[in-house]
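# Chain and residue survey
Okay, here's what each chain looks like letter by letter:
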Amino acid sequence: MAAGTGGTSSLTVDDVERARLLLRSSDQMSRRDGLRMIDGWGSRVPDPEAARSMLRATAGAYPRVEPGRVDPALRFGRVLCRVPRSIDVAAVEATYMISAARVRRLLLHLLALRRDPSGISSLAYLLGPDGPVDLLPLPAGELLSPVLDVVSAAELVPALVHVARVAGWTWHAVDLLRHLVLDDRLAPAAQARIVEHLGGLVDELVERCDRATLADVEGVDGTRPERARLRSIVALFAAMEPSAPGADRVLLRVLASADPRAAASGAAALLACELVVASERLDLIARDPEARAELVESLAPPAIERLPAMWRTGRARAEAELVRWLAGSTELGRAPDEIEHVEELATGEHPDDGAVHVFRFRVRSPHWSSARGWMIGAAGPYRRDGSGVVDVEPFASSLYFAEDEDDIDGHVDAILDELGAWSDDDD
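Everything quoted here is computed from the prediction, not taken from an experiment. (Residues numbered from 1 in each chain as written. Predicted model: local features only at pLDDT ≥ 70, side-chain atom pairs only at ≥ 80, totals over all residues. Heavy atoms only, no water.)

## Here's the deal with the overall build of the chain
- Looking only at helices and strands, one finds 17 helices and four strands in the chain.
- For the C-alpha atoms alone, the extent of the chain along its principal axes is close to 75 × 55 × 45 Å.
- Sequence separation of at least 24 residues holds for 65% of the intrachain contacts in the chain that already meet a minimum separation of 6.
- Of the roughly 20200 Å² that the chain leaves accessible, carbon and sulfur atoms contribute 52%.
- Between the mean site of the 48 positive side-chain charges and the mean site of the 68 negative ones, the chain shows a separation of 9 Å. (Helix = DSSP H or I, 4+ residues; strand = E, 2+ residues; numbered from the N terminus. Contact = heavy atoms within 4.5 Å. Areas by Shrake-Rupley, 256 points an atom, 1.4 Å probe, with all protein chains shown as cover. Lys, Arg positive; Asp, Glu negative; His and termini not counted. Charge placed at Lys NZ, Arg CZ, Asp CG, Glu CD.)

Written as structure tokens, this is what we have:
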């Protein structure tokens, strides 16, 4: 056996091939033995020849191992990630071209883990306009984040700008660009390139939000993905302003959106950059509860003082948070068509104890909840000025019970019981 670092034996080709043979067996028991063999390698790393064999094993197809439907190819790849520089970049690229999406994702991470110029160059090709864009897997977690440790990471800017236009990649590519900006690692020319190319994407996303808003289509909110992509790009442009000429104009374009939820992200970014946003425009945006929730969440003093006082109260914030919660994809999937304040329930004897606000809401047909008519929801506790209560986590929730099923106290009790917010000794 070859000796590894610190006296630990290295993995050999025979080790890899034995595991591979077991994992290709026709019976589950042998395949489980193969997985146990890989797990038994512990912190051992492959020698150069074994690393090449393991890369081939990573590209292979295997029967799934039950229970849990484990993918053996990924197990091999994770071992290889311990020594990302043990494999030639050209070999990784060749394997990438013939592998399944889950393995391609791992290989991109492997290249990022190299933390060297050759890994950066390879990623620039695979992610760039001249690379195999049709093979791009969706990113997950900190897929490419290790490249931020590389001095030459700025060479990835053209590729990141390119993949930022791919739905599913925007958040990760833009987050990496934002980190490079915040670390002052992008030259003016690189920032200008970002403004030029991503400014056009912002225009497209805002236009889609505007069309959906002006069409006033009933049903589930279809612009949620566009708004999520917009928010990530807005954060990048806010980080570049004022050093990147034109960044402020892009933020103003977002502010001008007919969709108040999209406009809210532009307003928050402009105010954070200490740029002017008309109080009348803030008032119009904040009339939409979801947009108001984003403004209140995003703005810190003194910028939040620019928001009209009527939208900073505890009641206004509770309504905003409840509507945002109701509009979530796992709840109503859209904001209610109507919502009305029903009651304010103090949570203590002192004003600083805040209050829970109860609302009734309803959604028009053909939504699944329309037959229930007016339903009850609650949010809080918040103080009169809209601030939270110290050491108390605010909530927003509904059980979608019809209003006439119980009195207000009964509705609130049921909601708090479901959340586990009542203490065990409560009557």
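## A closer look at the side chain of histidine 172
- Note that histidine 172 resides in helix H9 (residues 170–182).
- Once you skip the residues sitting within four places of it in the chain, histidine 172 turns out to touch Pro139, Gly141, Glu142, Leu143, Leu144 and Ser145.

## Remarks on a nonpolar patch on the surface
- Taken together, the side chains of Met97, Ile98 and Tyr125 define a hydrophobic patch exposed on the protein surface, amounting to about 290 Å² of accessible area.
- Positionally, isoleucine 98 belongs in helix H5 (residues 89–98).
- Under the relative-accessibility criterion, isoleucine 98 is labelled exposed at 64%. (Patch = residues over 30% accessible without salt bridge, like charges linked within 9 Å, V, L, I, M, F, W, Y side chains within 5 Å. Salt bridge = Lys/Arg side-chain N within 4 Å of Asp/Glu carboxyl O. Buried < 20%, exposed > 50% of the residue type's maximum accessible area, 1.4 Å probe, protein only.)

## Regarding the environment of valine 234
- The residue valine 234 is located in helix H11 (residues 224–240) in this model.
- Taking the C-alpha atoms as reference points, valine 234 and valine 202, separated by 32 residues in sequence, lie 8.5 Å from one another.
- Beyond its immediate stretch of four places on either side in the chain, valine 234 contacts Leu251, Val254, Ser265 and Ala269.

## Digging into the nonpolar core
- Judged by nonpolar contacts, the single largest core of 104 residues is most densely connected at Phe76, Leu198 and Phe237.
- The biggest single contributor to this core is helix H10 (residues 188–215), with nine residues.
- Residues in contact with phenylalanine 237, not counting those within four places in the same chain, are Ile194, Val195, Leu198, Gly199, Ala247, Val250 and Leu251.
- Counting residues in each nonpolar core, the second largest holds twelve residues, with Ala318, Leu322, Phe359 and Ala396 among its members. (Core = buried A, V, L, I, M, F, W, Y, C linked by side-chain atoms within 4.5 Å.)

## What to know about the packing of helix H13 (residues 260–272) against helix H15 (residues 289–298)
- Orientation of H13 relative to H15, taken along the N-to-C sense of each, is 15 degrees, at an axis distance of 8 Å. Comparing their axes, H15 and H13 come out roughly parallel. The element H13 and its partner H15 pack so that their crossing is right-handed. Mapping the contact onto sequence places Pro260, Arg261, Ala264, Ser265, Ala267 and Ala268 in H13 and Glu290, Ala291, Glu294, Leu295 and Ser298 in H15.
- A class-by-class count of the residues in the contact of H13 with H15 yields six nonpolar, two polar and three charged. (Axes fitted to C-alpha atoms, helices over the stretch in contact; angles between N-to-C directions. Parallel < 35°, antiparallel > 145°, perpendicular 65-115°, else oblique. Left-handed = near helix turned anticlockwise from the far one by under 90°. Nonpolar A, V, L, I, M, F, W, Y, C, P; charged D, E, K, R; others polar.)

## A word on the sheet that holds strand E2 (residues 355–362)
- Taking strand neighbours across the sheet as the criterion, the four strands line up as E1-E2-E3-E4 in an open arrangement whose pairing is antiparallel. For this open sheet the edge positions go to strand E1 (338–346) and strand E4 (395–402), each flanked by a neighbour on one side alone. Taking each pair of neighbouring strands and ignoring which way they run, the sheet shows an average axis angle of 20 degrees.
- Looking at chain direction, E1 and E2 are connected through eight bridges and run antiparallel. (Pairing = 2+ DSSP bridges.)

Any link to function would need more than the numbers given here.
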